[in-house]
Amino acid sequence: MVDFTKVPTRVGFFAPERFEADIHDCEVIGKVPKDLNGTFFRVGGDWFYPPLFPDDAVLNADGYISAFRFKDGIVSYKGRYVRTRRYELQKAANRQLFGYYRNPFTDDPSVRDPERPYLRTVANTSPLVHAGKLFALKEDGLPHRIDPVTLDTVGPWDFEGAWKSQTFTAHPKIDPVTGEMIAFGYQATGLVTDDLFIYTIGRDGKVKHEQRIKVPYVSVVHDCAVTQKHILLPFGGYVTSMERLKAGKIHWGWDATKPSYIGVLARDGDGKDIRWFKGPERCMMHTFNAYTEGSKIILYAPFYDSNFFPFFPPIDGTPWNPQKAKAYVRRITIDLRSKKDTWTEEILWPFNVGDLGRIDTRFMTLRQRYGYTSFNDPDRPFDEARAGNLRGRVSNTYGRFDFETGKLNRYFVGPTHSLQECCFVPRPGSREEGDGYLIGVASNYAEMRSELVIADAQNLEAGDVARVILPFRSTAQVHGIWADASELA
Ligand code: V55
Ligand code: FE
């Protein structure tokens, strides 16, 4: 019997969906730009069965991939669970078999296998398109290949045996100049191991270069940043151990005494030459971009002051602190000529933002001017009378942050809505940074339905160009990407 009543985080707008969907030619308010020919892919999590532990991380929900396909001014929607091994085993058993987030010791004995933790991945974090293939990613396992038309799961992908890490990050970076992809896997050789492998994958999808490193301590290495010369690996604060996992706890806890680190290595170098720069307590999850200028590396990132995730509690028993779980747009400068092992940091805007930031990816690895992310504008209050339950509502605005002038442009979604991560879509034929659309899924709390909003990225104040209406609450994404039709031809 399926009973979700004990799962506190899964009521209201983000209650489980548990269905798959196909809508041809969605309802639209406004006019969808006719020149957009491609797909907005989104990946997130949706529990098919209730978690074994009600306090489990939402990051442990079953992977779900959805697609808004644009062609000739019409948009069609499709949503499918990712057919991971976990999903198939659970569906065959008619119940949840896998336990806490990244703790195989808490799994049902019929599937328990701590020697092969990557087999329990849920593929619920981000989509990736590279070398003509579509994948769903999660940092604790291999990419799952997905058919871009049907969204059927093909299966795990190990780059024809050349990918030696058991894991693959949810945030590889693609160099727009060379078409190369830089990706890494941490806990690369097994549960709680300090091995991290980094790969360069050519435009043709073949592994070209490998670097192997050891991390200073085993922590979440969620994202990276890549410049034309360097690879940056930022992380901090989260800790784990075999003892912790054998005691049946969720994978990560927060240790405020641990420093943050940014590892820096040359793209074409050898892992043994990595330099570790050290900083204060920080929760370093997502980056916007970085570039190398002379002896300096400039990194833009919306890092948190401290632990963002309440379900990965402090190991010292103190309560999770929401005051410090705030992300700010930061400029971090690393001087490679300096003998010091640290960086300088500026907070560029004094208010907290959503940490799922994006750029115009045509400028990834290069000097770029704009970052885009969501935030909550307090001057635009939520209309509680019309929309009721605030749970899960975080952001009402998408911002374009101009790192050169400090200017901020805003798109406001409306008083009954909340925004998920935005995505920049280049205007076909354009070359200038920022010329394109900003798109993203909004949760409409008044109508209890999801809406894809499309705005002109150079005129955010004008509001929507179009809104694509879904007649239901679409499974929440973690991350989304735009893929032009030519990338998946
Ligand atoms: C993150 C998300 C994850 C995860 C680890 O946003 C970190 C950060 C959706 O899964 O497993
Ligand atoms: Fe992420």
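Residues numbered from 1 in each chain as written. Chains lettered and ligands numbered in written order. Predicted model: local features only at pLDDT ≥ 70, side-chain atom pairs only at ≥ 80, totals over all residues. Heavy atoms only, no water.

Trainee: What exactly am I supposed to notice about the side chain of R282 here?
Mentor: Positionally, R282 belongs in the loop between strand 19 (275–279) and strand 20 (289–293). Here the side chain of R282 touches E345 through a polar contact of 3.2 Å, side chain to side chain. Once you skip the residues sitting within four places of it in the chain, R282 turns out to touch G236, G237, W254, S260, Y304, D305, R330 and E345. (Helix = DSSP H or I, 4+ residues; strand = E, 2+ residues; numbered from the N terminus. Polar contact = N/O pair within 3.5 Å; in protein donor to acceptor, adjacent residues only side chain to side chain. Contact = heavy atoms within 4.5 Å.)

Trainee: Would you mind showing me how to read the sheet that holds strand 26 (residues 408–412) here?
Mentor: Picture the strands of a sheet paired through backbone hydrogen bonds; they go either parallel or antiparallel. Taken together, three strands build an open sheet; the order of strands is 24-25-26 and the sheet is antiparallel. In the strand order of this sheet, the two ends are held by strand 24 (370–375) and strand 26, each with one partner. In this sheet, neighbouring strand axes are inclined to one another by 20 degrees on average, regardless of whether the strands run parallel or antiparallel. By the bridge criterion, six bridges tie strand 24 to strand 25 (residues 397–402) in an arrangement that is antiparallel. Among the inter-strand pairings, F375 is bridged to a residue of strand 25, identified as T397. (Pairing = 2+ DSSP bridges. Axes fitted to C-alpha atoms, helices over the stretch in contact; angles between N-to-C directions.)

Trainee: Help me out: how do you make sense of the sheet that holds strand 14 (residues 225–226) in this one?
Mentor: Taken in spatial order, the four strands make up an open sheet running 14-15-18-19, and their pairing is antiparallel. Both edges of this open sheet fall to strand 14 and strand 19, since each of them pairs with a single strand only. Pairing between strand 15 (residues 230–236) and strand 18 (residues 260–266): seven bridges, direction antiparallel. From the neighbouring strand, I231 faces strand 18, where its bridge partner is L265.

Trainee: Even after reading the chapter, I still don't get the packing of aromatic side chains, so can you show me in this structure?
Mentor: Any two aromatic rings considered together are summarised by their centre-to-centre distance and by the angle between their planes. If you walk through the whole model with that rule in mind, you get 46 aromatic pairs. Taken together, a centroid distance of 5.7 Å and an interplanar angle of 65 degrees make the contact between F288 and F403 edge-to-face. Taken together, the residues span a long stretch of sequence, with F288 in the loop between strand 19 and strand 20 and F403 in the loop between strand 25 and strand 26 at a distance of 115 residues. In terms of burial, F288 and F403 fall into one category: buried. For the pair Y372 and F424, a centre-to-centre distance of 5.5 Å together with 25 degrees between the ring planes defines the contact as stacked. Of the two residues, Y372 is situated in strand 24 and F424 in strand 27 (residues 417–426); the sequence distance between them amounts to 52 residues. (Phe/Tyr/Trp six-rings, centres within 6.5 Å; stacked < 30°, edge-to-face > 60°. Buried < 20%, exposed > 50% of the residue type's maximum accessible area, 1.4 Å probe, protein only.)

Trainee: I tried to follow the coordination of the iron ion (ligand 2) on my own but got confused; where do I start?
Mentor: Each pair of donors in an ideal octahedron of six around a metal sits at 90 or 180 degrees, and each pair in an ideal tetrahedron of four sits at 109.5 degrees. Here the iron ion (ligand 2) is held by H171 (NE2), H222 (NE2), H286 (NE2) and H479 (NE2), and the distances to it run 2.0 to 2.1 Å. Considering all four donor atoms around the iron ion (ligand 2), angles at the metal cover 92 to 164 degrees and the coordination shape is irregular. In primary-sequence terms, the residues that donate to the iron ion (ligand 2) follow H-x50-H-x63-H-x192-H. Taken together, the residues H222 in the loop between strand 13 (207–214) and strand 14 and H286 in the loop between strand 19 and strand 20 connect sequence positions 64 residues apart. H222 gets classed as buried once you look at its relative accessible area, which sits at 7%. (Donors = N, O, S within 2.8 Å, 3.2 Å for Na, K, Ca; no water. Tetrahedral: all angles 85-135°; square planar, octahedral: opposite > 155°, others 65-115°.)

Trainee: Would you mind going over the nonpolar core with me for this structure?
Mentor: Soluble globular proteins tend to pack their nonpolar side chains together in the buried interior. Formed by 50 residues in total, the largest nonpolar core has its most connected members in L196, L233, Y238 and F312. Ignoring sequence-local partners within four residues, the contact set of L196 consists of F184, G185, Y186, A188, Q211, R212, I213, V215, V221 and L233. Within the second largest apolar cluster, 26 residues are counted, among which are C423, Y437, L452 and V468. (Core = buried A, V, L, I, M, F, W, Y, C linked by side-chain atoms within 4.5 Å.)

Trainee: Help me understand the pattern of salt bridges in this model?
Mentor: Side chains that differ in sign of charge can pair as their charged atoms come close. According to the stated counting rule, one finds 36 salt bridges in the structure shown. Across the pair D175 and R267 runs a salt bridge whose closest N-O atoms are separated by 2.9 Å. Within this pair, whereas D175 is found in the loop between strand 10 (173–174) and strand 11 (181–186), its partner R267 is found in the loop between strand 18 and strand 19, the two being separated by 92 residues in sequence. Accessibility assignment for this pair places D175 and R267 in one class, buried. Between E345 and R282 there is a salt bridge whose closest N-O contact spans 3.2 Å. Here E345 is found in strand 23 (residues 344–347), whereas its partner R282 is found in the loop between strand 19 and strand 20, with 63 residues between them in sequence. The exposure class assigned to E345 is partly exposed, which follows from its relative accessible area of 27%. A single salt-bridge network, built from bridges that share partners, covers E293, R367, R369, D402 and E404. (Salt bridge = Lys/Arg side-chain N within 4 Å of Asp/Glu carboxyl O.)

Trainee: Quick question: what am I supposed to make of the environment of L134 here?
Mentor: Among the secondary structure elements, L134 is positioned in strand 7 (residues 133–137). The spatial distance from the C-alpha of L134 to the C-alpha of K31 is 28 Å, given a sequence separation of 103 residues. Residues within four places of L134 in sequence aside, it is in contact with F41, I65, P127, L128, V129, H144, R145, I146, D147, P148, L151 and L488.

Trainee: How do you make sense of the pairing of strand 4 (residues 63–71) when you look at a structure like this?
Mentor: Residues in a regular strand point their side chains to alternate faces of the sheet. Within strand 4, seven of the nine residues are buried, which leaves it mostly tucked inside the rest of the structure. Hairpin connection, strand 4 to strand 5 (residues 74–81): the antiparallel pair is bridged by two residues, and D72 has positive phi, about 55 degrees.

Trainee: Looking at this model, I keep getting lost on the site of ligand 1. Mind explaining?
Mentor: The full set of residues close to ligand 1 is L59, Y101, N124, T125, K138, E139, H222, M285, H286, F309 and V478. Measuring from an oxygen atom of ligand 1, one finds a side-chain N or O atom of Y101 at 2.6 Å. T125 places a side-chain nitrogen or oxygen 3.2 Å from an oxygen atom of ligand 1. With the chains in place, 96% of the 310 Å² that ligand 1 exposes on its own is no longer accessible. (Near = heavy atom within 4 Å. Areas by Shrake-Rupley, 256 points an atom, 1.4 Å probe, with all protein chains shown as cover.)

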